[in-house]
Amino acid sequence: MKFFVDTADTDAIAELNALGMVDGVTTNPSLILKSGRDILEVTKEICDMVSGPVSAEVIALDAESMIAEGRKLAEIAENIAVKVPLTWDGLKACKVLTDEGKMVNVTLCFSANQALLAAKAGATFISPFIGRLDDLNMDGLELIADIREIYDNYGFETNILAASIRSANHMSECAKIGADVATAPPGVIKAMANHVLTDKGLDQFVKDAKQAGIKIV
Ligand code: E4P
């Protein structure tokens, strides 16, 4: 499973990138707002840092304007994936932009039917939002599994990009289901390293090393 980082924080991207943890980046208007930076400037900086796809989201609601915005975003760098919402107009924009050879990430997906439409429209990525479904007492992971089954049934090449990930557990569950990509905030990716037994075991080793007088360098 590929790891995308769900942030526009370039310091956080750099830290994970240095460890080989960044296969791509996803942003959205809320993350751009959080960064406090200009969308074109920060997106360009991110594209220069990572070689994988960097999702940048349109803000228009009608297809024609989404296409114009998507073309402008795609000019930033070759690794831009234009992010469009899963609306009828978003699907129209997806078809036009993918026909032009651009990568398109169809976002705000909350049902298997929506994912089916995105694949038919040629989406490069479909972004089902796990956490926001879980927030409503629905099952976000079940949606990932349903989309996996449907895409595999028909050989759709659209990549399942599990989004709105809130926990380290979401990451391993997505990997078990077979999501192609999971995009997660930097804190969630780092939290994947945590285990209480690792902390406990290390604590004991440190104590014993001190008692044994072990010195290595
Ligand atoms: C990524 O593409 C999505 O925009 C993001 O994962 C949404 O996450 P949230 O539901 O935590 O805002």
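Attention in this report is confined to the structure presented alongside it. Position numbers for residues start from 1 in each chain and track the written sequence from start to end. For this predicted model, a pLDDT threshold of at least 70 governs which residues receive local features, and a threshold of 80 or more governs which side-chain atom pairs are given and counted, while totals over whole chains, interfaces and linings are taken from all residues. To obtain the side-chain values, all non-hydrogen atoms of the structure were used and water was disregarded.

## Looking at the layout of surface pockets
Put simply, the rule reads: Residues are said to line a cavity or pocket when one of their atoms sits within 4 Å of a point; the points come from a 1 Å grid over protein atoms alone, cavities being sets where a 1.4 Å probe fits but cannot get out and pockets being open sets with protein on both sides within 12 Å along at least five of seven lines. Grid points are joined across faces, edges and corners, and a volume is the space filled by probe spheres set on the points. We count a stretch as a helix when DSSP gives it H or I for four or more residues in a row; a strand needs E for two or more, and each element gets its number in order from the N terminus. Each residue gets one of three labels, nonpolar for Ala, Val, Leu, Ile, Met, Phe, Trp, Tyr, Cys and Pro, charged for Asp, Glu, Lys and Arg, and polar for the others, Gly among them.
Considered as a void within the structure, the largest pocket measures approximately 470 Å³ in volume. Around the largest pocket sit 25 residues that line it, and D6, N28, L31, K34 and P185 are the ones nearest its centre. Elements that contribute at least two residues to the lining of the largest pocket include exactly α1 (10-17) and α2 (29-35). In terms of residues, the lining of the largest pocket owes the most to one element, α2, which gives four residues. Of the residues that constitute the lining of the largest pocket, the class distribution is eight nonpolar, ten polar and seven charged. Roughly 170 Å³ of internal volume is contained in the second largest pocket. Taken together, N28, P29, I32, I39, L40, E57, V58, I59, E69, K72 and L73 make up the full set of residues lining the second largest pocket. Those elements giving two or more residues to the lining of the second largest pocket turn out to be α2, α3 (39-49) and α4 (63-74). Ranked by the residues each element gives to the lining of the second largest pocket, the list is headed by α4, at three residues. When the residues that make up the lining of the second largest pocket are grouped by side-chain class, the tally is seven nonpolar, one polar and three charged.

## As for the packing of aromatic side chains
What counts, and what does not: Between 30 and 60 degrees the pair is tilted, below 30 it is stacked and above 60 it is edge-to-face, where a pair is any two Phe, Tyr or Trp rings, Trp via its six-membered ring, whose centres lie within 6.5 Å. Only protein chains enter the accessibility calculation, which uses a 1.4 Å probe; a residue is then buried when its area is under 20% of its type maximum, exposed when over 50%, and partly exposed in between.
The full count for this structure, using the stated rule, is four aromatic pairs. For the pair F110 and F129, a centre-to-centre distance of 5.5 Å together with 65 degrees between the ring planes defines the contact as edge-to-face. Linking F110 in the loop between β5 (103-109) and α6 (112-120) with F129 in the loop between β6 (125-128) and α7 (130-135), this pair joins segments that are 19 residues apart in sequence. The exposure class of F129 is buried, given its relative accessible area of 7%.

## Overview of helix α11 (residues 196-212)
This is how it is decided: Here, expected helix span is obtained from the residue count minus one, scaled by 1.5 Å.
Its 17 residues place the ends of α11 24 Å apart at the C-alpha level, agreeing with the 24 Å of an ideal helix rising 1.5 Å per residue. The first or second residue beyond α11 is G213, which carries a positive phi of 65 degrees.

## So, helix α5 (residues 88-99)
Defined as follows: Directions are taken from the helix axis to each C-beta atom, and the arc is the one they span. Any pair of residues with heavy atoms lying within 4.5 Å of one another is described as a contacting pair.
With twelve residues, α5 extends 17 Å between its outermost C-alpha atoms, agreeing within 8% with the 16 Å of an ideal straight helix rising 1.5 Å per residue. Within α5 the residues assigned to the buried category are G90, L91, A93, C94, L97 and T98. With its buried residues spanning 160 degrees around the axis, α5 presents them on a single face. Away from the buried face of α5 by more than 90 degrees, exposed residues W88 and D99 are located. Buried-residue contacts for α5 involve α4, β4 (80-85), β5 and α6. Where α5 terminates, the next one or two residues include G101, which has phi positive at roughly 90 degrees.

## Re the sheet that holds strand β3 (residues 54-57)
Across a sheet, strands are paired by hydrogen bonds formed along the backbone, either parallel or antiparallel in direction. The test is simple: What makes two strands pair is DSSP finding at least two bridges between them. Axis angles are defined between N-to-C directions and span 0 to 180 degrees, where every axis is a line fitted to C-alpha atoms and, for a helix, only to the segment in contact.
If you trace the eight strands once around the closed barrel, you get β1-β2-β3-β4-β5-β6-β7-β8, paired in parallel fashion. Going across the sheet, the axis of each strand differs from the next one's by a mean of 30 degrees, ignoring polarity. Across two bridges, the pairing between strand β2 (residues 24-26) and β3 is parallel. In the strand pairing of β3, T26 is matched with S55.

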